[in-house]
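# Structure at a glance
So the chains spell out like this:
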Amino acid sequence: MISMMTSSYETLLLVCVKCGDQTDALKLFDEMPIRDTISWNILISDFWRNGDLEGCFGYFNRLQSSELYWLDQATFTRILSACDREEFYYVNRMIHYLVIMNGYEKEIWEML
């Protein structure tokens, strides 16, 4: 039942994001009784797509510091995509450290 409820909220969140209504998406996210990594990734991706790196990194930091949710491959993909400029060299190094600490290093090497 909880999974179905979370999935319904995520569907509504995706609709808000796809319609370009970030204000309602953020309000819905804040009102969600249960969030999972997917819901966090939806917002992180939306901020990234809209070029709002402050929002992207802000929600990434909130996700990481919440300790209730975990960083997954999709989270790292979005954050690394946002860090594709030279000025983010040190951010990329920190993200790489998080990739290793979260046990995803083997998966990265398999993709190369």
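Our subject in this report is the structure included herewith.

Cut-off values and rules
- Residues numbered from 1 in each chain as written.
- Predicted model: local features only at pLDDT ≥ 70, side-chain atom pairs only at ≥ 80, totals over all residues.
- Heavy atoms only, no water.
- Helix = DSSP H or I, 4+ residues; strand = E, 2+ residues; numbered from the N terminus.
- Buried < 20%, exposed > 50% of the residue type's maximum accessible area, 1.4 Å probe, protein only.
- Contact = heavy atoms within 4.5 Å.
- Expected span 1.5 Å × (residues − 1).
- Lys, Arg positive; Asp, Glu negative; His and termini not counted.
- Salt bridge = Lys/Arg side-chain N within 4 Å of Asp/Glu carboxyl O.
- Axes fitted to C-alpha atoms, helices over the stretch in contact; angles between N-to-C directions.
- Left-handed = near helix turned anticlockwise from the far one by under 90°.
- Nonpolar A, V, L, I, M, F, W, Y, C, P; charged D, E, K, R; others polar.
- Parallel < 35°, antiparallel > 145°, perpendicular 65-115°, else oblique.

Now for the environment of Ala82. In this structure, Ala82 sits in helix α5 (residues 73-82). Since its relative accessible area comes to 2%, Ala82 is described here as buried. Apart from the residues lying within four places of it in its own chain, the contact partners of Ala82 are Trp48, Leu53, Cys56, Phe57 and Phe88.

Attention shifts here to helix α6 (residues 89-101). Helix length check: α6, at 13 residues, gives a terminal C-alpha distance of 19 Å against a target of 18 Å (1.5 Å per residue), a fit within 8%. Within two residues after α6, Gly103 carries a phi angle of roughly 80 degrees, on the positive side.

Attention now moves to the side chain of Asp46. Secondary-structure assignment places Asp46 in helix α3 (residues 37-49). In this structure, Asp46 is buried with no salt-bridge partner, the nearest side chain bearing the opposite charge being Arg49 at 4.1 Å.

Right, let's get into the packing of helix α4 (residues 53-66) against α5. At a minimum axis distance of 11 Å, the contact between α4 and α5 shows a crossing angle of 145 degrees. Considering how the two elements wind past one another, α4 and α5 form a crossing that is left-handed. Within the contact between the two elements, α4 uses Leu53, Cys56, Phe57, Phe60 and Leu63 and α5 uses Thr75, Ile79 and Ala82. Partitioned by chemical class, the residues of the contact of α4 with α5 number seven nonpolar, one polar and no charged.

Between α3 and α4, the least distance of the axes is 7 Å, while the angle of their chain directions is 160 degrees. Classified by the interaxial angle, the pair formed by α3 and α4 is roughly antiparallel. By crossing handedness, the relation of α3 to α4 is classed as left-handed. Counted together, Trp40, Leu43, Ile44, Phe47 and Trp48 of α3 and Gly55, Cys56, Tyr59, Phe60, Arg62 and Leu63 of α4 form the full contact between these two elements. Looking at the contact of α3 with α4 residue by residue, the class counts come to nine nonpolar, one polar and one charged.

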